[in-house]
Amino acid sequence: MKKAFIFDLDGVIVDTAKFHYLAWRNLAKGINFDFTEEQNEQFKGVSRVRSLELLLDMANYTATQEEKDIWLVQKNEEYLSYIKKMDQSEILPDVPRVLKHLLSKKQGVALGSASKNARPILERVALLDKFQAIVDGNDVTIAKPNPEVFIKGAQALQTQNVDCIVFEDSIAGVQAANTAGMISIGIGNAEVLHEADHVFANFTQISNEFLDHLIER
Ligand code: B16
Ligand code: MG
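Residues numbered from 1 in each chain as written. Chains lettered and ligands numbered in written order. Predicted model: local features only at pLDDT ≥ 70, side-chain atom pairs only at ≥ 80, totals over all residues. Heavy atoms only, no water.

> Looking at this structure, how should I read the pairing of strand E4 (residues 164-168)?
Remember that side chains alternate between the two faces of the sheet whenever the strand is regular. Most of E4 is tucked away: five of the five residues are buried. Residue alternation in E4 divides its side chains into two sets, Cys164, Val166 and Glu168 and Ile165 and Phe167, and both sets are buried. Bridge count between strand E1 (residues 4-7) and E4: four bridges; the pairing is parallel. Across the sheet, alanine 4 pairs through a bridge with cysteine 164, a residue of E4. Looking at chain direction, E4 and strand E5 (residues 183-187) are connected through four bridges and run parallel. Its bridge partner being in E5, valine 166 is matched across the sheet by serine 184. (Buried < 20%, exposed > 50% of the residue type's maximum accessible area, 1.4 Å probe, protein only. Helix = DSSP H or I, 4+ residues; strand = E, 2+ residues; numbered from the N terminus. Pairing = 2+ DSSP bridges.)

What follows is the structure, encoded as structure tokens:
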């Protein structure tokens, strides 16, 4: 049996939410807004443009299009300065073991991320060659919870949606997988991700036997 396993990036393979937070917080300081880590939770899985809109709403700040354009570039430049310092130690626990197991069983493996920086991040952590297809923020026109990103991943691996399994840390991503008719596996808090078919705190909780069960079903 051949299935396609589609991985989200931020919060599933690496924890880059902390870098997004630092960059958004510095930007918020410029408009005298104290952006908290708790507020940053709402930015997970959300596109860069939509994140800025959310931040401006929170700060109750009406920006011109010119300001928005400048800030989007500024935020990304600061984010990239953190990404440049990443290495393999930033890969979340047991992700390499799961990838290795799936590839040893000749399964399809793809990335499905909202980030426009997915490729440089995978390069930094030396995982780029593990993915047979990469669908990221540069390839999609409609953001999660729309299933476009995962449907494109399935197409790239020439696999039917019902034969796809998605690993996601965001509610919007789980909803996107469900809408596409794929198996959704939430990585994180079971209460937050209750719409997922299965939820695990992290990959250390996902056994090779469970992966085999998904392959054979
Ligand atoms: P960028 P994912 C998402 O990645 C992040 O969770 C979200 O916080 C970020 O705003 C978005 O990518 C866009 O990222 O600014 O790098 O294009 O979780 O879908 O892998
Ligand atoms: Mg994510």
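> I'm lost on the coordination of the magnesium ion (ligand 2) in this one. Help?
The textbook angles at a metal center are 109.5 degrees for a tetrahedron of four donors and 90 or 180 degrees for an octahedron of six. With distances of 2.0 to 2.2 Å, the protein atoms coordinating the magnesium ion (ligand 2) are Asp8 (OD), Asp10 (O) and Asp169 (OD). Spacing between the donor residues of the magnesium ion (ligand 2) along the chain follows D-x1-D-x158-D. Taken together, the residues aspartate 8 in the loop between E1 and helix H1 (17-29) and aspartate 169 in the loop between E4 and helix H8 (171-179) connect sequence positions 161 residues apart. Under the relative-accessibility criterion, aspartate 8 is labelled buried at 5%. (Donors = N, O, S within 2.8 Å, 3.2 Å for Na, K, Ca; no water.)

> Would you mind going over the environment of leucine 157 with me for this structure?
Relative to the assigned elements, leucine 157 resides in the loop between helix H7 (148-156) and E4. Between the alpha carbons of leucine 157 and alanine 110 there is a distance of 7.6 Å; along the sequence they are 47 residues apart. The contacts of leucine 157, once residues within four sequence positions are left out, are Ala4, Gly108, Val109, Ala110, Gln132 and Ala133. (Contact = heavy atoms within 4.5 Å.)

> Help me out: how do you make sense of the domain arrangement of the protein in this one?
By convention, interface size is frequently given as the accessible area that disappears when the constituent parts associate. When the domains of the protein are assigned, the result is domain 1 (4-15 + 88-216) and domain 2 (17-83). Computed from C-alpha atoms alone, the centre-to-centre distance between domain 1 and domain 2 is 25 Å. Summed over both partners, the interface of domain 1 with domain 2 comes to about 970 Å²; 49% of that surface belongs to carbon and sulfur atoms. Remark: the boundary between domain 1 and domain 2 carries one salt bridge. Glutamate 90 is the salt-bridge partner of lysine 18, the closest N and O atoms lying 3.2 Å from each other. Here domain 1 and domain 2 share four residue pairs in polar contact (both at pLDDT 80 or more) between them. Looking at the side of domain 1 that touches domain 2 residue by residue, the class counts come to two nonpolar, two polar and six charged. (Domains from an automatic or database assignment. Buried area = accessible area lost by both parts, 1.4 Å probe. Salt bridge = Lys/Arg side-chain N within 4 Å of Asp/Glu carboxyl O. Polar contact = N/O pair within 3.5 Å; in protein donor to acceptor, adjacent residues only side chain to side chain. Nonpolar A, V, L, I, M, F, W, Y, C, P; charged D, E, K, R; others polar.)

> Which parts of the structure should I look at to understand the packing of helix H3 (residues 48-59) against helix H4 (residues 65-83)?
Between two packed helices, the angle of one axis relative to the other and the distance separating the axes together describe the packing. Packing of H3 against H4 leaves a shortest axis separation of 11 Å and a crossing angle of 110 degrees. Between H3 and H4, the angle falls in the class roughly perpendicular. Read as a crossing pair, H3 and H4 show a hand that is right-handed. Contacts between H3 and H4 involve Arg48, Val49, Leu52 and Leu56 from the former and Lys68, Trp71, Leu72, Lys75 and Asn76 from the latter. (Axes fitted to C-alpha atoms, helices over the stretch in contact; angles between N-to-C directions. Parallel < 35°, antiparallel > 145°, perpendicular 65-115°, else oblique. Left-handed = near helix turned anticlockwise from the far one by under 90°.)

> I keep staring at the nonpolar core and nothing clicks. Help me out?
The tendency in soluble globular proteins is for nonpolar side chains to be buried as a group. Residues Phe7, Ile13, Phe131, Phe167, Ile185, Phe203 and Ile206 are the most contacted members of the largest nonpolar core, which totals 38 residues. The residue makeup of this core includes at least three contributed by each of domain 1 (4-15 + 88-216) and domain 2 (17-83). Leave out the neighbours within four places in its chain, and phenylalanine 167 touches Phe5, Ile6, Phe7, Asp8, Val12, Ile185, Ile187, Phe203, Ile206 and Leu211. (Core = buried A, V, L, I, M, F, W, Y, C linked by side-chain atoms within 4.5 Å.)

> Please clarify how the site of ligand 1 should be interpreted in this entry.
Inspection of the region around ligand 1 gives 19 residues, with Val46, Ser113, Ser115, Lys116 and Asn117 positioned closest. Take leucine 9: an N or O atom from its main chain is 3.2 Å from an oxygen atom of ligand 1. Residue aspartate 10 places a main-chain N or O atom 2.9 Å away from an oxygen atom belonging to ligand 1. Elements supplying a minimum of two residues to the shell around ligand 1: H3 and H4. A breakdown of the residues in the shell around ligand 1 according to their chemical character gives five nonpolar, seven polar and seven charged. Both domain 1 (4-15 + 88-216) and domain 2 (17-83) contribute no fewer than three residues apiece to the shell around ligand 1. (Near = heavy atom within 4 Å.)

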